[in-house]
Amino acid sequence: MGRVHNFSAGPAALPEEVLIEARDELLDYAGSGMSVMEMSHRSKEFIAVAERAEADFIELLGVPDDYRVLFLQGGATLQFAMVPLNLLGDRDTADYVNTGAWSVKAIEEAQRFCRVNVVASSEARGFTDIPALSEWRCNPDAAYLHLCSNETIGGVQFHDFPDTSVPLVADMSSDILSRPVDVSRFALIYAGAQKNIGPAGLTVVVVRKDLLGRPRAGTPSMLDYAVHAAADSMSNTPPTYAWYLAGLVFRWMKAEGGLAAIAARNARKAAKLYAALDGGNFYRTPVLGNCRSVMNVPFTLPDAALDAVFLKGAEARGLTNLKGHRSVGGMRASLYNAVPEAAVDALVDYLGVFAREHG
Ligand SMILES: *Cc1c(COP(=O)(O)O)cnc(C)c1O
C-alpha cells in the first residue's frame, strides 16, 4: 500500500520529502558512518544538527534576541506544570482562558501550584467559540495569562491575541509555525512537536530571557527553564532523533517559502474544506465562524449511525484518521502544514460523493 492522506490530529503527517531525506541518511549521516540516532549528543555532528535546527526555527518564527528557544521533553503536558513552576515568582495566582479540553488540562495542572482565575470560559456553550474579550475578567495581580491558541480537539482557534497587562503564555502545540505570529507579544510559547513540527518526544519552548531563573522553591532542576537554557537544552540527553527530524521539517518549511507561504496554503486548505462542509445541508460544523480552526476541523454527519459508513468509505479512498475525538464525536480532519493540498482536495471530493449518496 502506498502513502495515505493522513488527517491525524497527532502524532501527525510529516512532509514526504523529509521522510525520504531521513531514510536516505538513516544508516550513514553525512559521512559519519552512523545514524543520527547512534551518535553522542555532544558530537560535533549532532551539535551542528541541533544548532541549525534552532537557528532555522528562530528564523521561521521570527524569534527576537531577548528570547531563548528550548528543545525539551515531556510534551506540552509537562509545560502545564513547568509554566507555573517557573513563572509564578512570588505571586500565588494566574489567569487562564478556558476554550476547550487542552485549556482544562492546563488549568487543572496549574491548580496544583497556585490559585487559578478562569478569566473566561466557553464551556457552557460546549467550547464552540472564544468568549468576547469584553467578558474577560482578568486579574492585574496574576503572574501571567495562559491561553491555548488552537484547541486541537474542539477546533477553536485564536485569530488574534489579546493585549494583556500581565505576561501572555500560549500553548501553541497544534498551530505553531502554521502562520506568522508576533512573538514579542508573548512571554512564553510552548508546543509539543508531534502536531506541526516533527515526531513525538520533543517539546519546543520559546521564553523571554528575563523570565528565566526564578523557579518556585523545590522545583526539580529538570523542570527549571534556566537549567536548560544554560545547557543549550543539553542538560541531559535530549531527544536527538526527534530534534534532527524537526530540523529537517524546518528546512523543508524554509524551502516551501516560510511561514507566509505556508500560512497562505493552510488558509486555502481550510477554506476549501469549510466551503465543502457548509455547502448543502448535510454536514454540520460546531464551531462559530470567526474562531474556526485552520488546523483542526471537526464536523458531524446528520446521523451518527452513518459515521462508520463514512469512515469505511474514507479508508477505501486512502483518507485516514478522520474519526473525531470521543468527547466531540463525529469527524475531525487535521490539516497541519505537512498535509498537502491534494489531500484536502481528495477529502472534499469524498464529502461531495458521500453527501449525494446519503443525503
Ligand atoms: C496535543 C496537545 C497537548 C498535549 O501534548 P502532549 O505532547 O501529549 O503532552 C497539549 N495542548 C495541545 C493544544 C495539544 O494539541
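So, how was this worked out
- Residues numbered from 1 in each chain as written.
- Predicted model: local features only at pLDDT ≥ 70, side-chain atom pairs only at ≥ 80, totals over all residues.
- Heavy atoms only, no water.
- Axes fitted to C-alpha atoms, helices over the stretch in contact; angles between N-to-C directions.
- Helix = DSSP H or I, 4+ residues; strand = E, 2+ residues; numbered from the N terminus.
- Parallel < 35°, antiparallel > 145°, perpendicular 65-115°, else oblique.
- Contact = heavy atoms within 4.5 Å.
- Nonpolar A, V, L, I, M, F, W, Y, C, P; charged D, E, K, R; others polar.
- Phe/Tyr/Trp six-rings, centres within 6.5 Å; stacked < 30°, edge-to-face > 60°.
- Buried < 20%, exposed > 50% of the residue type's maximum accessible area, 1.4 Å probe, protein only.
- Near = heavy atom within 4 Å.
- Polar contact = N/O pair within 3.5 Å; in protein donor to acceptor, adjacent residues only side chain to side chain.
- Areas by Shrake-Rupley, 256 points an atom, 1.4 Å probe, with all protein chains shown as cover.
- 1 Å grid on protein atoms, 1.4 Å probe; cavity = no way out; pocket = protein on both sides within 12 Å on 5 of 7 lines; lining within 4 Å.
- Points joined across faces, edges and corners; volume = space filled by probe spheres on them.
- Domains from an automatic or database assignment.
- Left-handed = near helix turned anticlockwise from the far one by under 90°.
- Core = buried A, V, L, I, M, F, W, Y, C linked by side-chain atoms within 4.5 Å.
- Buried area = accessible area lost by both parts, 1.4 Å probe.
- Salt bridge = Lys/Arg side-chain N within 4 Å of Asp/Glu carboxyl O.
- Expected span 1.5 Å × (residues − 1).
- Arc of directions from axis to C-beta.

**Looking at the packing of helix α6 (residues 240–255) against helix α7 (residues 258–278)**
Relative placement of two packed helices is described by the angle separating their axes and the distance separating the axes.
Phase 1: Relative to each other, α6 and α7 sit at 80°, their axes nearing to 7 Å. Considering their axes alone, α6 and α7 lie roughly perpendicular with respect to each other. Within the contact between the two elements, α6 uses Trp252, Met253 and Lys254 and α7 uses Gly258, Leu259, Ile262 and Arg265.
Phase 2: Classifying every residue of the contact of α6 with α7 gives four nonpolar, one polar and two charged.

**Considering the packing of aromatic side chains**
The geometry of an aromatic ring pair comes down to the distance between the two centres and the angle between the two planes.
Phase 1: Enumeration according to the criterion identifies 19 aromatic pairs in this entry.
Phase 2: The interplanar angle of 75° and the centroid separation of 6.5 Å between the aromatic rings of Tyr283 and Phe310 together place this pair among those described as edge-to-face. Taken as a pair, Tyr283 in the loop between α7 and β11 (296–299) and Phe310 in helix α8 (residues 307–316) lie far apart in primary sequence, 27 residues in all.
Phase 3: When its relative accessible area of 4% is taken as the criterion, Tyr283 is described as buried.
Phase 4: The buried category is assigned to Phe310, whose relative accessible area is 0%.
Phase 5: Of the aromatic side chains, those joined through ring pairs into one cluster are Phe282, Tyr283, Phe299, Phe310, Tyr350 and Phe354.

**Some words on the site of the ligand**
Phase 1: Around the ligand, the surrounding shell holds 13 residues, and the nearest of these are Thr77, Thr152, Asp171, Gln194 and Lys195.
Phase 2: At 2.4 Å from an oxygen atom of the ligand is found a side-chain nitrogen or oxygen belonging to Thr152.
Phase 3: In this structure, an oxygen atom belonging to the ligand sits 2.7 Å away from a side-chain N or O atom of Lys195.
Phase 4: Here the ligand has 390 Å² of accessible area as a free molecule, and 87% of this is covered by the chains.
Phase 5: No other element matches helix α3 (residues 75–87), which puts four residues into the shell around the ligand.
Phase 6: For the shell around the ligand, the residue count by class is four nonpolar, seven polar and two charged.

**Section: the layout of surface pockets**
Phase 1: The computed volume of the largest pocket comes to approximately 350 Å³.
Phase 2: Around the largest pocket, the lining comprises 19 residues; the ones closest to its centre are Arg3, Leu14, Glu16, Ala338 and Pro340.
Phase 3: Within the residue set of the lining of the largest pocket, elements represented by two or more residues are β1 (5–6), α1 (16–24) and α9 (341–358).
Phase 4: Tallying contributions element by element places α1 first for the lining of the largest pocket, with three residues.
Phase 5: For the lining of the largest pocket, the class distribution of residues is ten nonpolar, three polar and six charged.
Phase 6: In terms of domain composition, the lining of the largest pocket takes at least three residues from each of domain 1 (17–255) and domain 2 (257–358).

**A word on the packing of helix α2 (residues 44–61) against α6**
Phase 1: At a closest axis distance of 9 Å, the pairing of α2 and α6 adopts a crossing angle of 45°. When the axis of α2 is compared with that of α6, the two are oblique. The way α2 lies across α6 gives a crossing that is left-handed. Contact residues: α2 offers Phe46, Val49, Ala50, Arg52, Ala53, Asp56, Phe57, Glu59 and Leu60, while α6 offers Thr240, Trp243, Tyr244, Gly247, Phe250, Arg251, Met253 and Lys254.

**With respect to the side chain of Ser233**
Phase 1: Mapped onto the elements, Ser233 comes out in the loop between α5 (225–230) and α6.
Phase 2: Only 3.0 Å separates the side chain of Ser233 from the backbone nitrogen of Phe71, close enough to count as a polar contact.
Phase 3: Beyond its immediate chain neighbours, meaning those up to four positions away, Ser233 contacts Val69, Leu70, Phe71, His228, Pro238 and Trp243.

**Concerning the nonpolar core**
Phase 1: The biggest cluster of nonpolar side chains holds 59 residues, and the ones touching the most others in it are Phe57, Leu177, Ile197, Val206, Tyr244 and Phe250.
Phase 2: Residue contributions to this core peak at eleven residues, all from α6.
Phase 3: Two domains share this core, each providing at least three of its residues, namely domain 1 (17–255) and domain 2 (257–358).
Phase 4: Apart from residues lying up to four places away in sequence, Val206 is in contact with Phe57, Leu61, Val63, Tyr67, Arg68, Val69, Val183, Ala187, Leu188 and Ile189.

**Some words on the domain arrangement of the protein**
Phase 1: Domain boundaries assigned for the protein yield domain 1 (17–255) and domain 2 (257–358).
Phase 2: Here the C-alpha centre of domain 2 lies 27 Å away from the C-alpha centre of domain 1.
Phase 3: Contacts between the two partners involve 25 residues from domain 1, matched on the other side by 26 residues from domain 2.
Phase 4: Carbon and sulfur atoms supply 59% of the area that domain 1 and domain 2 bury against each other, a total of about 2,000 Å² over both sides.
Phase 5: Summed over the shared surface of domain 1 and domain 2, the number is zero salt bridges.
Phase 6: Every element with two or more residues in the side of domain 1 that touches domain 2 is listed here: α2, β7 (156–157) and α6.
Phase 7: Here the side of domain 1 that touches domain 2 takes four residues from α6, the largest share from any one element.
Phase 8: For the side of domain 1 that touches domain 2, the residue count by class is ten nonpolar, ten polar and five charged.

**Topic: α7**
Phase 1: With 21 residues, α7 ought to run about 30 Å at 1.5 Å a step, and its terminal C-alpha atoms sit 30 Å apart, in line with that.
Phase 2: Listing the buried residues of α7 in full gives Gly258, Leu259, Ile262, Ala263, Arg265, Asn266, Lys269, Ala270, Leu273, Tyr274 and Leu277. Buried residues of α7 fall within an arc of 165° about the axis and therefore sit on the same side.
Phase 3: For α7, the elements touching its buried residues are α2, α6, β11, β13 (331–334) and α9.
Phase 4: Directly beyond the C-terminal end of α7, a positive phi value near 75° is found at Gly280.

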